[in-house]
Each structure stands twice: as structure tokens, then as C-alpha cells.
Amino acid sequence: TSIADELDRLGYKPQYQDSWSVNTIRYLIRNPIYAGYVSWERRPQIKSMQNGSITKSRPRNNDYMKYKGLHPAIVDETTWERAQAMLTSNASPKFN
């Protein structure tokens, strides 16, 4: 929340919204592309048959493959790994 608030205060605008959201910040921090990586099967498309029609879903896969990309990293790998550890340690339990 503090990152989103600070970006709003500084006048930075996200591409599709009027202000930054916690979910947008979380997505950016978790995205390995900013650390110079490309990922494979991070959100694989799963097809299933329900009520006679095919439905598609894209569940998150925490055990995805990560490869060094050809693009330069915006965030160094150490900082990115520390952010991932912080997100994991601060994660709240998911209830069904």
C-alpha cells in the first residue's frame, strides 16, 4: 500500500487506471521479467469440459520455469530475490 501511495503522490500514473493498486504493485514485484528473466508455464492455460462446453482457466503456477532473457534487467537479481522472500514471508493464508 505504501508503494502505491508513494507512486500516486509523486504523480506517476499506471497505464490503465487513475491510481496504483496493491494488486498492480504485487504483480510488478512478482514478475521475473523485471529481473531480466523470461518465464515458461507461469500461468498455463488449462482446458476442461464443463456442462458440455470447453472452459479455459489460467491458474498461477508457483513452480514455473525461469530463464535468463536477452533483455536487460531493471532490478538486479539480489534485490528481486529479496523482494520475493519478503512477499512470501508476508503472505496471508488463503481461505476457501
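Residues numbered from 1 in each chain as written. Predicted model: local features only at pLDDT ≥ 70, side-chain atom pairs only at ≥ 80, totals over all residues. Heavy atoms only, no water.

### Here we look at a nonpolar patch on the surface
Nonpolar side chains collect at one region of the surface, where Ile 33, Val 38, Trp 40, Met 65 and Tyr 67 lie side by side and expose about 470 Å² of accessible area between them. For the nonpolar patch, the secondary structure elements donating two or more residues are strand 1 (37–40) and strand 4 (65–68). When you line up the elements, Tyr 67 lands in strand 4. (Patch = residues over 30% accessible without salt bridge, like charges linked within 9 Å, V, L, I, M, F, W, Y side chains within 5 Å. Areas by Shrake-Rupley, 256 points an atom, 1.4 Å probe, with all protein chains shown as cover. Salt bridge = Lys/Arg side-chain N within 4 Å of Asp/Glu carboxyl O. Helix = DSSP H or I, 4+ residues; strand = E, 2+ residues; numbered from the N terminus.)

### Some points on the packing of aromatic side chains
Taken as a whole, this structure holds zero aromatic pairs when the rule is applied. In this arrangement the basic side chain of Lys 66 is found over the ring face of Tyr 37, its NZ or CZ atom lying 4.5 Å from the centre. The cationic tip of Lys 68 hangs over the ring face of Tyr 37; the distance from NZ or CZ to the ring centre is 4.7 Å. (Phe/Tyr/Trp six-rings, centres within 6.5 Å; stacked < 30°, edge-to-face > 60°. Lys NZ or Arg CZ within 6 Å of the ring centre and 35° of its normal.)

### Let's talk about the side chain of Gln 84
Here Gln 84 shows up in helix 3 (residues 77–89). Since its relative accessible area comes to 16%, Gln 84 is described here as buried. Those residues within four positions of Gln 84 in sequence are excluded, and the remaining contacts are Ile 29 and Arg 30. (Buried < 20%, exposed > 50% of the residue type's maximum accessible area, 1.4 Å probe, protein only. Contact = heavy atoms within 4.5 Å.)

### Remarks on the environment of Thr 79
Summarising the element assignment, Thr 79 is placed in helix 3. Assessed through its relative accessible area of 37%, Thr 79 is described here as partly exposed. Along the chain, Thr 79 and Leu 10 lie 69 residues apart, while their C-alpha atoms are 23 Å from each other.

### Some words on the pattern of salt bridges
Taken as a whole and judged by the stated rule, the model has two salt bridges. When the shortest N-O distance is used, the salt bridge between Arg 9 and Glu 6 registers 2.8 Å. With a gap of three residues between them, Arg 9 and Glu 6 both fall in helix 1 (residues 2–10), about one helical turn apart. The class of Arg 9 is exposed, set by a relative accessible area of 60%. Residue class for Glu 6 comes out partly exposed when judged on its relative accessible area of 35%. Lys 66 is the salt-bridge partner of Glu 81, the closest N and O atoms lying 3.2 Å from each other. Residue Glu 81 is located in helix 3, and its partner Lys 66 is located in strand 4; the two are separated by 15 residues in the primary sequence. Residue class for Glu 81 comes out partly exposed when judged on its relative accessible area of 36%.

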